[in-house]
Every structure is written in C-alpha cells, then in structure tokens.
Amino acid sequence: DVCSSDLTCTSARRSSGSDWGRSGCGPSVWTTGNDCSAGASLPRVDQPFAAIAADRRAIADFVETLSPEQLASPSLCGAWTVQDVATHLLVGPTASISEFLGAMVRARGRFPVANDLMVGNRRHLDRDRVAQELRRNAMSRFTPPGLDWHAPLTDLRVHGLDLAVPLGLTLD
C-alpha cells in the first residue's frame, strides 16, 4: 500500500484481499502520519457508509435545532436557503430513477437544473420531516452513477458547512 500523510491515502493493492473497490481508502484509513506498513489491514467496505450515516444523522440533529428564520436564511449555495440545502441532501437517497430521468428530461440534460427540480419536489417538507427522512435514509448506500462512496460523503461534508457557516454555527 502506498499512503501519504496529512489525512490522505493514495492507493491500495487489490491483492490485499480487500473488497474495497478502486481506491481502498476510507475515513478509517486516513492517518496523520505514514501508517501504511505491510501489515496494516484495510477497513471493511461498510465503514465509509457508516461515516455517511453518521453525517446524515448529525445533519438531522442540526436541522432540528434551527428556527424558521434560520431555515429561510441564505445558504452558501447560490439561491438555495438553508432549508433547500438540507432538503437537497434527501435527493440522492430518496429519488427514484424515474424521478431523476424525468427531471433530466425537463431540464434538457442540465444536471444543476434537474437537481433544483428534485429539491423543488421536496420543498413542502417541513424541518421535522427533513430531519426524519435524513435519519430514515441514513444507511442508504446510494452513490451517483459511476461514482463511489466518496460522492455522498463529500456532498454531506460540504453541504454541512453550507448549512452551518452562514448561520455562524458549527455541526457537532
């Protein structure tokens, strides 16, 4: 295994017996120093999804603490409010293939527009329902086509900041 420091892991051998897929790197193998000795074992494939589930639950907890005024506040995501960003985090684990394809057709193939349409389909959900759905779908293994667990984990981590930073708050 060839790993580097500063919370990165650059590759993992498939011959290690791991079922990790392409990269073999996940939150549990991130290190603050070189810890890639020949005897180091790779994490199980479910560990990144456990981190994703924990992030969804933490965001659900955070959303439940917000007032209507805070939810209506601008986020760091363009025209989206804090509520819209929280609702966006439901799209991946809850959208059906037919909803996605329909949104892509209506958006004429423009993914950002389709994404906004799918968020719009969920705008009626109130704060408590968004939090409930984030928890209910916490263990979803949804990944966008052609991508792996890095995509939902990155989406949750970045959008967690998009929710909290403009409110002067932090996610715990």
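As a reminder, the structure under discussion sits directly above these lines.
Cut-off values and rules
- Residues numbered from 1 in each chain as written.
- Predicted model: local features only at pLDDT ≥ 70, side-chain atom pairs only at ≥ 80, totals over all residues.
- Heavy atoms only, no water.
- Helix = DSSP H or I, 4+ residues; strand = E, 2+ residues; numbered from the N terminus.
- Buried < 20%, exposed > 50% of the residue type's maximum accessible area, 1.4 Å probe, protein only.
- Contact = heavy atoms within 4.5 Å.
- Axes fitted to C-alpha atoms, helices over the stretch in contact; angles between N-to-C directions.
- Parallel < 35°, antiparallel > 145°, perpendicular 65-115°, else oblique.
- Left-handed = near helix turned anticlockwise from the far one by under 90°.
- Nonpolar A, V, L, I, M, F, W, Y, C, P; charged D, E, K, R; others polar.
- Phe/Tyr/Trp six-rings, centres within 6.5 Å; stacked < 30°, edge-to-face > 60°.

**Q** Explanation requested: the overall build of the chain in the structure shown.
**A** Along its length, the chain carries seven helices and two strands. When the helices and strands of the chain are listed from N to C terminus, the series reads β-β-α-α-α-α-α-α-α. Burial status across the chain gives 39% buried among its 172 residues. Long-range pairs, those at least 24 residues apart, make up 67% of the contacts in the chain with a sequence separation of at least 6.

**Q** Would you mind showing me how to read the packing of helix H3 (residues 82–94) against helix H7 (residues 150–164) here?
**A** Pairs of packed helices are described in terms of their axes, by the angle between the two and the distance that separates them. Where H3 contacts H7, the two axes come as close as 9 Å, and the packing angle between them is 165°. The angle between H3 and H7 places the two elements in the roughly antiparallel class. In this structure, the crossing between H3 and H7 has a hand that is left-handed. The residues of H7 that touch H3, namely those facing Val82, Val85, Ala86, His88 and Leu89, are Asp155, Leu156, His159, Asp162 and Leu163. Its residues assigned to classes, the contact of H3 with H7 comprises six nonpolar, two polar and two charged.

**Q** Just to check I follow, could you spell out the packing of aromatic side chains for this structure?
**A** Two descriptors summarise a pair of aromatic rings, namely the distance from one centre to the other and the angle between the planes of the rings. Throughout the structure, instances matching the rule amount to one aromatic pair. Taking the centre distance of 6.3 Å and the plane angle of 50° together, the rings of Phe100 and Phe111 count as tilted. Taken as a pair, Phe100 in helix H4 (residues 97–106) and Phe111 in helix H5 (residues 111–120) lie far apart in primary sequence, 11 residues in all. Relative accessible area serves as the criterion here: at 29%, Phe100 is assigned to the partly exposed category.

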